[in-house]
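The primary structure of each chain is shown beneath.
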Amino acid sequence: MIRRIALSAIALLCVAPTAGAAPLLLPAGTPIYFQFNNLEMVSATSSLIVPGYTGGPAGLPPGITPISTQNNWGVFNVSSMQFGGFSPATEHIDISGGPTFFADDGPGLVNGMVTGIFYGIQNTSPTTATGGFIDLYWHDPGADTTLGATLGAEASCLAGVTCTPTAPTVGNFTTSGGGIFLARLAFASGITANPVTFISSTCDPTTISGGTCTADSYANVVVSAGGAWASILDGNWFNTAFGQRDVRFSNIFFLNEGGTWSLKSNDPGRVFTSAAIPEPASLTLLGLGLAGLARRRRRKV
């Protein structure tokens, strides 16, 4: 019984935000399935410029040279996170979705938001690419108002209607309104047998005229970049021919007919979080909670 209570308390502490520690805390040692909405620009030539990122980001892995232009970049929000699962046949290969523990309820509301930017992607053929990074940011409940006051405004922006590829747009999805850096992910090899192919798609995104296409990729956490989620996302769970990977993405994208952005999509990502040890403050809270539960149980006896 005590063991069951302890496990429940640990899960509660890992999932729920804590006072004074704004970012959502992810459950440790757990498969997670998350859904995110992309709005992106794509070009056949490596000429796209990301406002504020032209000098290259800090904390890149050794040997990676910052670049100022790219074939593909965009912004996104994480719409939901679910406790995931897998079968013996998909262990270390894929994760499916399950019960939701976080849902984006819109700017200015009560759940907070996870947003971000992806950049630095370079085409190696019409359907393959290399390089690229993803930066994740947390926005506190009530302070995540930079995308608009309602869910409708956020949806309009992600549909390419009310926002343009400018510095303010980048700021809205990253640091504006007190956005807190969570982690940097670097796209990595493993999705094909080619060691320099990091992203592989079923069609040329620069010529898509209708219907939908898919793209698949892996990514690893850039631990040196820091961030509140860097350690917990560093799970090394997915097996590939080139080593273990932290995150797997499957993008379903289609032409955006209504704005200056080229593509939009609604995509799943998967991660098996590392079995991180709770921070000292969380351990103290857990200890106090278990002590109270134990006293209550003794009184009943």
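Structure shown above.
Residues numbered from 1 in each chain as written. Predicted model: local features only at pLDDT ≥ 70, side-chain atom pairs only at ≥ 80, totals over all residues. Heavy atoms only, no water.

Draft legend 1. Examining the overall build of the protein chain more closely. Of the regular secondary structure elements, the protein chain holds 5 helices and 12 strands. Taken across its 301 residues, the protein chain has 46% of its residues classed as buried. In the protein chain, of all internal contacts separated by at least 6 residues, the share reaching a separation of at least 24 is 74%. A total accessible area of about 13500 Å² is found for the protein chain, and carbon and sulfur atoms account for 61% of it. (Helix = DSSP H or I, 4+ residues; strand = E, 2+ residues; numbered from the N terminus. Buried < 20%, exposed > 50% of the residue type's maximum accessible area, 1.4 Å probe, protein only. Contact = heavy atoms within 4.5 Å. Areas by Shrake-Rupley, 256 points an atom, 1.4 Å probe, with all protein chains shown as cover.)

Draft legend 2. View of the side chain of Asp267. You can see Asp267 is positioned in strand S12 (residues 263–272). Reaching out from Asp267, the side chain makes a polar contact with the side chain of Asn38 at a distance of 3.2 Å. Contacts of Asp267, omitting those with residues within four sequence positions, involve Phe34, Gln35, Phe36, Asn38, Ser250, Asn251 and Ile252. (Polar contact = N/O pair within 3.5 Å; in protein donor to acceptor, adjacent residues only side chain to side chain.)

Draft legend 3. Spotlight on the state of the cysteines. Counted by the stated rule, this structure contains 1 disulfide. Sulfur-sulfur distance for the disulfide between Cys203 and Cys213 comes to 1.9 Å. Given an S-S torsion of about 115°, the disulfide between Cys203 and Cys213 has right-handed geometry. Here Cys213 lies in strand S8 (residues 212–221) and Cys203 lies in the loop between strand S7 (199–201) and S8, a separation of 10 residues in the sequence. (Disulfide = S-S within 2.5 Å.)

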